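Residue-level listing of the chains:
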Amino acid sequence: KQWYQRRVAITAGGPLVYPAGFVYVFTGLYYITNQGANIKLAQYLFGVLYLVFYGLIVLILKKTEAVPPFALLFFTFASYRVHSIFALRLFNDPVAMLFLYLAIYFFIQKKWFIGCAIFSFAVSIKMNIMLFSPGLLFILMVEEGFIQTCIYISLCGTIQLLLGLPFLLENPYGYIKMSFDLGRQFFFKWTVNYRFLPENVFLSRYFHICLLAVHIGLLIAVFMLRWRKLTKPLDAKSILLILFSSNFIGIACARSLHYQFYIWYYHTLPALFFSTKLPVPLVMLMLGCIELCWNTYPSTVLSSSVLQICHLIGAVALLLPPRTEKRKKYRLRLCVDTTA
């Protein structure tokens, strides 16, 4: 089939705007569900995906001891929006994040090759995974050095090339332009984080450039003030927090956030906020406010303002020295003792 036929056939709502991994995953889902007719089966499959996703998150947090045990209750019961993203909306965001967390599971064990391969596949499902890449680049440089880091970057690029090959052979410009479009314009009516702005400001390229500059500035600041001061070699918790903070900064500086994007950082917030010197009551208040803002539909001036204030507090806290208690890690006692 021609390139245009391919992308329109996959998405009835218009041209395909995701990389090739998305096409493979959702084409498989399309055929499993009788060409998309069996929606209930698709929901069951996403329900299983949700359980696997949640189990993987718990496993990562258990290994890194990054949050107090009660934070797991927040994950499980707090977010109607996250439940909806999985069970009702069937977005590609949770699929991409599942593979991202699988990659992180290998990263915290310092299995870089398989972790980078899975990371690249996650990027091929949705490009938001690239928000973790500044942190990953720093980790690889510290742990493996320049030459080995270049090899891992080449691995990621090769996987993208192989996955996109059928499309690249047809229309390389069209595939790259549509799937990795950094300049894509978002609709003001769907924004969760900038409802308080006039629409002309929201759509302004100057505003977008300012956000990009802030994004880069915050990454430089967190590198100078936090990442480079970490003890080498990096332990599992440090690796986790570097990746999570890299992603959080990107989300805080995003040009627009839509409701399904909540899954991009929902499960990372407790680990990030509890790693800072923010008082526990303030952390719980911020988590509650963020949850409330994401569950406000449509977004309002108030909900967007509160969300961005929480992002600002979180970003500033991540730049300051971390907690210095004697007991920095939280033990999550599940089915077995963590010391076993």
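Look a little higher up for the structure.
Rules and cut-offs
- Residues numbered from 1 in each chain as written.
- Predicted model: local features only at pLDDT ≥ 70, side-chain atom pairs only at ≥ 80, totals over all residues.
- Heavy atoms only, no water.
- Axes fitted to C-alpha atoms, helices over the stretch in contact; angles between N-to-C directions.
- Helix = DSSP H or I, 4+ residues; strand = E, 2+ residues; numbered from the N terminus.
- Left-handed = near helix turned anticlockwise from the far one by under 90°.
- Contact = heavy atoms within 4.5 Å.
- Nonpolar A, V, L, I, M, F, W, Y, C, P; charged D, E, K, R; others polar.
- Buried < 20%, exposed > 50% of the residue type's maximum accessible area, 1.4 Å probe, protein only.
- Polar contact = N/O pair within 3.5 Å; in protein donor to acceptor, adjacent residues only side chain to side chain.
- Core = buried A, V, L, I, M, F, W, Y, C linked by side-chain atoms within 4.5 Å.
- Salt bridge = Lys/Arg side-chain N within 4 Å of Asp/Glu carboxyl O.

Novice: What exactly am I supposed to notice about the packing of helix H12 (residues 236–252) against helix H15 (residues 301–319) here?
Specialist: When two helices pack together, their arrangement is captured by the angle between the axes and the distance separating the axes. Contact geometry of H12 with H15 gives a least axis separation of 10 Å together with a crossing angle of 145°. H15 is crossed by H12, and the crossing has left-handed handedness. Where H12 abuts H15, its residues Ser245, Phe248 and Ala252 lie against Gln308, His311, Gly314, Ala315 and Leu318. Of the residues assigned to the contact of H12 with H15, the class counts are four nonpolar, four polar and no charged.

Novice: What am I meant to see in the side chain of Gln308 here?
Specialist: Along the polypeptide, Gln308 turns up in helix H15. For Gln308, a relative accessible area of 13% corresponds to the buried category. Polar contacts involving the side chain of Gln308 include one to the side chain of His311, which spans 2.8 Å. Once residues lying within four places of it in the same chain are set aside, the contact partners of Gln308 are Asn193, Tyr194, Phe196 and Ala252.

Novice: For this particular structure, what's the right way to read the nonpolar core?
Specialist: Nonpolar side chains tend toward joint burial in soluble globular proteins. With 105 residues, the main nonpolar core has Tyr101, Ile104, Phe107 and Trp294 as its most contacted residues. One finds Phe188, Tyr194, Leu197 and Phe207 within the second-largest nonpolar core, a separate group that totals seven residues.

Novice: Is there a simple way to explain the environment of Cys116 in this structure?
Specialist: The residue Cys116 is located in helix H7 (residues 112–125) in this model. The buried category is assigned to Cys116, whose relative accessible area is 1%. For the pair formed by Cys116 and Phe186, sequence separation is 70 residues and the distance between their alpha carbons is 30 Å. Those residues within four positions of Cys116 in sequence are excluded, and the remaining contacts are Phe107, Leu140, Tyr152, Leu155 and Cys156.

Novice: Can you help me understand the pattern of salt bridges in this one?
Specialist: One side chain can pair with another of opposite charge once the charged atoms of both are near each other. Under the definition given, this model contains two salt bridges. Where Asp93 meets Lys126, a salt bridge forms, and the shortest distance between an N and an O atom there is 2.8 Å. Linking Asp93 in helix H6 (residues 93–107) with Lys126 in the loop between H7 and helix H8 (133–170), this pair joins segments that are 33 residues apart in sequence. Of the charged contacts in the structure, one is a salt bridge between Lys110 and Glu143, with a shortest N-O distance of 3.0 Å. With a gap of 33 residues between them, Lys110 in the loop between H6 and H7 and Glu143 in helix H8 connect regions that are remote in the sequence. By relative accessible area, which is 17% here, Glu143 ends up buried.

Novice: Mind showing me how you'd approach the side chain of Ser304 here?
Specialist: Within the fold, Ser304 resides in helix H15. Among the polar contacts listed, one links the side chain of Ser304 to the backbone oxygen of Val192, at a separation of 2.6 Å. At 3.2 Å, the side chain of Ser304 forms a polar contact with the backbone nitrogen of Arg195. If sequence neighbours within four positions are ignored, Ser304 has contacts with Val192, Asn193, Tyr194, Arg195, Phe196 and Ser299.

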